[in-house]
Amino acid sequence: MQKIPVIIDCDPGHDDAIALVLAFATEKLDIKAVTVTGGNQTLAKTLRNAKKVLCCLGKQPPVAAGADKPMFRDLEIAAEVHGESGLDGPNLPDPPWEELPMPAWELSRDIILQSRQPVTLIPTGPLTNIGILFTAYPEVKRNIARISLMGGSVMAGGNWSAAAEFNILVDPEAADIVFRSGVPITMSGLDVTHKALILPEELESIRALQGPVPRMVAELIDFYYKYHAAQGFPGAPMHDPCAVAAVAAPELFTMRDMRVDIETKGAHTTGMTLADIRSWSDAKPNVSVCLDIDRPAFARMLISACKNYH
Ligand code: RIB
Ligand code: CA
């Protein structure tokens, strides 16, 4: 079975960390690099967190830091969700290795242009690094198979404002560049990620596994779920792991092709992913929007991934 070459761009972040656990556990993905952006916390913290998680997984892919702020705006972080470190909960050691000196968009450019097989991008944070990549090196688009991103929402409203999901709201201009790029997009927005829950009994089955990775995942969810339990969620929403699962196991998802545009100027709607759902619209779809998920199968996939490191 030919593996799918992927680059993961993330802002760890608890769910980003669990997305990395899932990505490195599945046989279907060949992870060429992990790049990092500011988002859930500052770039210095998200970079350190990405390296800590990779160290816990025993993985050492090429790692490069990208943008420490959005393309045209100041960075907005989510410390109330992910804590002061951006990965509060587990106590993880720093790895003995360092990231590459080149910026994320140069590492991604090199990997994409040298790849014999079109590369899939899996961004799970603000889209700044991808926006810069497409602006500086548009030639890469010809060798990108798909972008499977976590972000946005077409019918589920926002989570960081009434209209917008965090990843898109932090850098709407970068998201606009990506959504207008012509590269096929699979969007795991809040419509599906609010259904992609790890329930308390499933968390306990992860905790019961032996080893540093199941322990890390359980401690990550323990911290992360506090925020979501207070909002009334019956389980911890696995936003970013959806973007990985949509590549590794698309059969778990119900998707619908839609035209989705990014609002970058609205007084109340900046960061909104506006889907044209009019049945009579002649707008050309640019996004496969994930609307539903086989949640039990998704949870089993995540638990199995934790066992993979067992
Ligand atoms: O809105 C959820 C998204 O914002 C996730 O990617 C989470 O990690 C945060 O970045
Ligand atoms: Ca994220």
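Residues numbered from 1 in each chain as written. Chains lettered and ligands numbered in written order. Predicted model: local features only at pLDDT ≥ 70, side-chain atom pairs only at ≥ 80, totals over all residues. Heavy atoms only, no water.

### Regarding the overall build of the protein
Per the secondary structure count, the protein includes 12 helices and 11 strands. In summary, the protein has a C-alpha radius of gyration of 18 Å against a globular reference of 19 Å for 310 residues, a match within 12%. With the principal axes as the frame, the protein shows a C-alpha extent of 55 × 45 × 40 Å. Among the 310 residues that make up the protein, the fraction classed as buried is 60%. Taking the intrachain contacts of the protein between residues at least 6 apart in sequence as the baseline, contacts between residues at least 24 apart amount to 83%. (Helix = DSSP H or I, 4+ residues; strand = E, 2+ residues; numbered from the N terminus. Rg over C-alpha atoms; globule rule 2.2 N^0.38 Å. Buried < 20%, exposed > 50% of the residue type's maximum accessible area, 1.4 Å probe, protein only. Contact = heavy atoms within 4.5 Å.)

### What about the coordination of the calcium ion (ligand 2)?
All of the protein donors around the calcium ion (ligand 2) are D11 (OD), D16 (OD), D16 (OD), T124 (O) and D240 (OD); their distances to the metal are 2.2 to 2.5 Å. Taken in chain order, the donor set of the calcium ion (ligand 2) reads D-x4-D-x107-T-x115-D. With D16 in helix α1 (residues 14-25) and D240 in helix α11 (residues 239-248), this pair connects stretches of sequence that are 224 residues apart. The burial state of D16 is the same as that of D240; both residues are buried. (Donors = N, O, S within 2.8 Å, 3.2 Å for Na, K, Ca; no water.)

### A few points about the layout of surface pockets
Taken as a whole, the largest pocket holds about 260 Å³ of empty space. By residue number, the principal contributor to the lining of the largest pocket is helix α10 (residues 212-230), which donates three residues. Of the residues in the lining of the largest pocket, the class split is seven nonpolar, 10 polar and four charged. Quantified by volume, the second largest pocket comes out at close to 180 Å³. The wall of the second largest pocket is formed by 13 residues, among which P184, K284, P285, N286 and V287 lie closest to the centre. Of all elements in the fold, only β9 (253-262) and β11 (287-293) reach the threshold of two or more residues within the lining of the second largest pocket. A per-class count over the lining of the second largest pocket returns six nonpolar, three polar and four charged. (1 Å grid on protein atoms, 1.4 Å probe; cavity = no way out; pocket = protein on both sides within 12 Å on 5 of 7 lines; lining within 4 Å. Points joined across faces, edges and corners; volume = space filled by probe spheres on them. Nonpolar A, V, L, I, M, F, W, Y, C, P; charged D, E, K, R; others polar.)

### Observations concerning α1
Since one α-helical turn is 3.6 residues long, residues separated by three or four positions face the same way. Between its first and last C-alpha atoms α1 spans 17 Å; for 12 residues at 1.5 Å apiece the expected length is 16 Å, and the two agree. Where burial is concerned, most of α1 is hidden: 12 out of the 12 residues are buried. Considered for burial, the residues of α1 that qualify are H14, D15, D16, A17, I18, A19, L20, V21, L22, A23, F24 and A25. (Expected span 1.5 Å × (residues − 1).)

### Quick word on the side chain of T128
Looking at the secondary structure, you find T128 in helix α5 (residues 128-136). Accessibility expressed as a relative area gives 2% for T128, which makes it buried. Polar contacts involving the side chain of T128 include one to the side chain of D171, which spans 2.6 Å. Apart from the residues lying within four places of it in its own chain, the contact partners of T128 are T37, A67, K69, P70, M71, D171 and A174. (Polar contact = N/O pair within 3.5 Å; in protein donor to acceptor, adjacent residues only side chain to side chain.)

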